[in-house]
Each structure stands twice: as structure tokens, then as C-alpha cells.
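Here is what each chain is made of, one letter per residue.
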Amino acid sequence: SVYRKPLLSEYGYSHNYDIEACAPNIIEQLSRRYGNDLYMPALDDYIVNKTQFRETIKVDFELDDKTTKVLLNSLFCGANIGFNPQYATSIMLNNDTAKIALAKEHPTIIQLREDIKLCWCHIVNSGLEISRRRNIESNRLVRVSSRDRWSCYFKYEREVISSISRYLRELNIKCFL
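So, here is what we can say about the structure in this document. (Residues numbered from 1 in each chain as written. Predicted model: local features only at pLDDT ≥ 70, side-chain atom pairs only at ≥ 80, totals over all residues. Heavy atoms only, no water.)

## Regarding the nonpolar core
Which entries qualify depends on this criterion: Among buried residues, those of type Ala, Val, Leu, Ile, Met, Phe, Trp, Tyr and Cys that are joined through side-chain atoms within 4.5 Å constitute a nonpolar core. Per-residue accessibility, obtained with a 1.4 Å probe over protein chains only, is compared with the maximum for each type, and a residue is labelled buried under 20%, exposed over 50%, and partly exposed between these values. Only DSSP runs of H or I with at least four residues qualify as helices, and only runs of E with at least two residues qualify as strands; both kinds are numbered from the N terminus onward. Whether two residues are in contact is decided by their heavy atoms: any pair within 4.5 Å suffices.
Counting residues in hydrophobic clusters, the biggest one holds 34 residues, and the most contacted among them are L72 and L112. With seven residues, helix α8 (residues 107–126) is the largest single contributor of residues to this core. In this structure L72 touches Y46, F53, R54, I57, I109 and L112, once residues within four positions along its chain are discounted.

This is the structure:
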């Protein structure tokens, strides 16, 4: 990061484009496309006040900026929170049982997870983004995996990036994606 901006600027790449809260925005908008018209307070707060939201989580869980961002982003693809040393969230919380317990009871985290679940419920139930599979033996629906969710998200992130790229090309603005 320290070297990127001056180096790219030296070669004519003088603008820096960033999609603010990309995953939360895309997931929220996609759920709206599929009929979600409900108020989602934590998700709305995160999208509108990303820096303050992250700062609160950072302070409450004694995390650095990067870990806070990764922790919150992991929730958007369905990461579990629990006392399992193999959970990514447990690892980010240093397998600290007090922090994991706090994460399970933290009102902001609880509300954010509910809002995210609501979004994915609309997306999955649309039947247009993620194909549900059944277990061959039991004929029960298989849980939608993080991989399924991220594949869906990345498809739309790529669409946004491609659209931005086309627009910048039309304006003859150099960009490095």
C-alpha cells in the first residue's frame, strides 16, 4: 500500500477506485432484487457507517484493523461463531473463550448475523443464484456452503468491476484492476 500509489501514479495511474463495503452492498442489493423489503438495522449501519462500525468491533474485541475487517467479512459468507478451534472466527479471536463468548452474545454481531441470514435466505430461496443440492442418502437439502455464497458474491463483484472498467475505457482513463 505504501509503495503502490506513488508507483502507479508514476506510470499514469493517478486515480484510486474502491468499492466501499462491497460485499455488504452487493449482498444487500441482491437480496432486495429477490424481494427482501425488510429493515436490516445492523447491515444498514455497517454500510452507512463502515469505519465507525468496524472501530466498535475492533475496540470491543481488541483486534487490529485487518483482523476486524476479515472477521466481519467472514460473517457475510456464513462463518460460524463458536468454541471450535477450527472455525476461522475462533482463530481470528485467538481461540480466546471470552472473546468467542462475547461474539456469540454481542448485540451488534447478533443483529448483523440475523440481517445477513435474511439476505442470503432471499437470495437462496430465489432459486436463481445458488442451486440447492440434496443428500443422496437422506434426500435432505444440503446446507449452502461458504463457497456457494462467495461464488455468488464474486459473480456480481466481477460484474461491477467490469462495468467500471468499461466506463473508464470510454473516458480514456487508465486503470489497473
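## Observations regarding the state of the cysteines
Inclusion rule: Whenever a pair of cysteine sulfur atoms sits within 2.5 Å, that pair is classed as a disulfide.
This structure, assessed with the given rule, holds zero disulfides. We note that C121 lacks a disulfide partner, and the nearest cysteine sulfur, in C119, lies 10 Å from it.

## Things to note about helix α2 (residues 22–33)
Helical geometry note: an α-helix holds 3.6 residues per turn, so side chains three or four residues apart project in the same direction. To keep things clear, this is the line we draw: Helix span is expected to be 1.5 Å times the residue number reduced by one.
For α2, which comprises 12 residues, the first-to-last C-alpha distance of 16 Å matches the rise-based estimate of 16 Å (1.5 Å per residue) to within 8%. Within α2, nine of the 12 residues are buried, leaving the element largely enclosed by the surrounding structure. Taken together, the buried positions of α2 are C22, A23, P24, N25, I26, I27, E28, L30 and S31. Residues of α2 that are buried in the fold lie against α3 (41–48), α5 (65–75), α8 and α9 (146–170). Directly beyond the C-terminal end of α2, a positive phi value near 100° is found at G35.

## Concerning the pattern of salt bridges
As a reminder, the rule being used: Just to be clear on terms, a salt bridge is a Lys or Arg side-chain nitrogen sitting within 4 Å of an Asp or Glu carboxyl oxygen.
A full pass over the atoms with the stated rule returns five salt bridges. In this structure, E20 engages K50 in a salt bridge whose closest nitrogen and oxygen atoms are separated by 2.8 Å. With a gap of 30 residues between them, E20 in the loop between α1 (4–10) and α2 and K50 in helix α4 (residues 50–61) connect regions that are remote in the sequence. When its relative accessible area of 15% is taken as the criterion, K50 is described as buried. Its salt-bridge partner being K155, residue E129 comes within 3.0 Å of it at the nearest N-O pair.

## Notes on unusual backbone geometry
With a phi angle near 65°, N139 is a residue other than glycine that sits in the positive phi range. Inspection of the secondary structure puts N139 in the loop between α8 and α9. Backbone geometry places N172, a non-glycine residue, at a positive phi of 60°. Considering the arrangement of structural elements, one finds N172 in the segment after α9.

## A word on the packing of aromatic side chains
The cut-off we apply is this: Here is the rule: rings of Phe, Tyr and Trp (six-membered ring for Trp) pair when centre to centre is within 6.5 Å. Planes less than 30 degrees apart are stacked, more than 60 are edge-to-face, and the remainder are tilted. Ring-over charges, as used throughout, are those where CZ of Arg or NZ of Lys falls within 6 Å of the ring centre and within 35 degrees of the ring normal.
Following the criterion strictly, the structure yields six aromatic pairs and no others. An angle of 70° between the planes, with centres 4.9 Å apart, marks the rings of Y46 and F53 as edge-to-face. Members of the aromatic cluster, connected to one another through ring pairs, are Y46, F53 and F76. The ring of Y13 carries K174 above its face, with NZ or CZ at 4.7 Å from the centroid.

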